[in-house]
Amino acid sequence: MLRRRFLGKIIHLPTSMDDALTKSAKTSEHDVVEEYLHELYLITHTNIVLFVLLFGTFFILTKKKILNFKNKNILVVSPFFFDYHVRLKSALEARGAIVDVIDEQPSHSAIARICMRKDFPLYHGKIKKYFDRQLDYLKEKNGGRDKDYDFILFIKCEAPTIAVLKRFQRRFPLAKKILYLWDSVKNIKSVPKKFAYFNKIYSFDAGDVKQYSFLKYAYWGYTQEFEPTSCGKPKYDLAFIGT
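Residues numbered from 1 in each chain as written. Predicted model: local features only at pLDDT ≥ 70, side-chain atom pairs only at ≥ 80, totals over all residues. Heavy atoms only, no water.

(A) View of the overall build of the chain. Looking only at helices and strands, the chain features 9 helices and 6 strands. Counting every position in the chain, which comprises 243 residues, the buried fraction comes to 46%. Pairs at least 24 residues apart make up 71% of the contacts formed inside the chain by residues separated by at least 6 positions. Surface accessibility of the chain: about 13,500 Å² in total, with carbon and sulfur atoms responsible for 56%. (Helix = DSSP H or I, 4+ residues; strand = E, 2+ residues; numbered from the N terminus. Buried < 20%, exposed > 50% of the residue type's maximum accessible area, 1.4 Å probe, protein only. Contact = heavy atoms within 4.5 Å. Areas by Shrake-Rupley, 256 points an atom, 1.4 Å probe, with all protein chains shown as cover.)

(B) Spotlight on the packing of aromatic side chains. Taken as a whole, this structure holds 9 aromatic pairs when the rule is applied. Ring geometry for Phe-168 and Phe-172: centres 6.0 Å apart, planes at 40°, overall tilted. Among the aromatic side chains, those forming a connected cluster through ring pairs are Tyr-130, Phe-131, Tyr-149, Phe-154, Phe-168, Phe-172 and Phe-198. (Phe/Tyr/Trp six-rings, centres within 6.5 Å; stacked < 30°, edge-to-face > 60°.)

(C) Spatial organisation of the pattern of salt bridges. The final tally for this structure, using the stated rule, is 11 salt bridges. The salt bridge partner of Asp-148 is Arg-145, with a shortest N-O separation of 4.0 Å. Exposure remark for Asp-148: the relative accessible area of 56% places this residue in the exposed category. One salt bridge in this structure joins Asp-146 and Arg-171, with 2.9 Å as the shortest N-O distance. Residue Asp-146 is found in the loop between α7 (124-141) and β3 (151-155), and its partner Arg-171 is found in helix α8 (residues 162-171); the two are separated by 25 residues along the sequence. Considered together, Asp-146 and Arg-171 belong to a single accessibility category, that of buried residues. A single network of salt bridges, built from pairs that share partners, joins Asp-100, Lys-141 and Lys-147. (Salt bridge = Lys/Arg side-chain N within 4 Å of Asp/Glu carboxyl O.)

(D) Expanded view of the nonpolar core. Among the nonpolar cores identified, the biggest contains 34 residues, and Ile-152, Phe-154, Phe-168 and Leu-179 are the most heavily contacted of them. Put simply, the parts of the chain that give this core at least two residues each are β1 (73-78), α6 (110-118), α7, β3, α8 and β4 (176-181). Here this core gets 5 residues from one element, more than from any other, and that element is α7. Setting aside residues up to four positions removed in sequence, Phe-168 forms contacts with Leu-75, Val-77, Ile-102, Phe-131, Leu-135, Ile-152, Phe-154 and Lys-177. (Core = buried A, V, L, I, M, F, W, Y, C linked by side-chain atoms within 4.5 Å.)

(E) Representation of empty space enclosed by the protein in the model. What the rule picks out here adds up to 3 cavities of 30 Å³ or more. By volume, the second largest cavity amounts to about 40 Å³. Sorting the residues of the lining of the second largest cavity by element identifies α7 and α8 as the ones contributing at least two each. Counting residues per element, the lining of the second largest cavity draws most heavily on α7, which supplies 4 residues. (1 Å grid on protein atoms, 1.4 Å probe; cavity = no way out; pocket = protein on both sides within 12 Å on 5 of 7 lines; lining within 4 Å. Points joined across faces, edges and corners; volume = space filled by probe spheres on them.)

(F) Broad picture of unusual backbone geometry. At Asn-71, a position not held by glycine, the phi torsion is positive, near 65°. By the secondary structure assignment, Asn-71 is in the loop between α4 (53-56) and β1. Phi is positive for Lys-156, close to 75°, though the residue is something other than glycine. Along the chain, Lys-156 turns up in the loop between β3 and α8. Under the relative-accessibility criterion, Lys-156 is labelled buried at 9%.

(G) Region of the structure containing the side chain of Asp-205. Along the chain, the position of Asp-205 falls in the loop between β5 (200-203) and α9 (206-211). Polar side-chain contacts of Asp-205 include one of 2.8 Å to the backbone nitrogen of Gly-207. (Polar contact = N/O pair within 3.5 Å; in protein donor to acceptor, adjacent residues only side chain to side chain.)

In structure tokens:
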């Protein structure tokens, strides 16, 4: 019974946040499995959630059972990590959305990553200038005016400062700002003070959801190449892949 329920949980994604919360059954079996997986993450400090970002973000943008973003303008502000931002853009476009994507990091150098992780004030000026250039580029691309985005989805939001988020508020006042945390709050030093600038915030970390009552739990899924190809009997009862 435990094996069937667990495999069902990781193989089939929910189609809405309501389904996700409903399917997180309050049974002792699920509690044991979820607690075990969470402990594995803490022990290995893995970023396994990165490789499954693609499907993990689909159901945080809507509560509708059928994911239909036809003619919706969406801006994704995400770290450029492998090609996940490309896959996310393509998947949203396949559902009818008009998608723009910008890198949330002004630089990928080791020094820049340290400055962003530690939230050094001296680096804030460079971050602001970087986002000013990105937003001006999007404006020019749209014929000289800011696009009327329906959603602005921030992934992680480690680099954008308060000043940058205020700039987004002024330039896109009607857009729903959504934050998805693919890392634990304790690993993103600056993010708690940014919470007030988002309409909705989702996290993969069940512990953070318990600590911050306004966070919504959005657990991960998988990308298309990991679709099950056989209905045969599983070889393993439980598998963990991490770094």
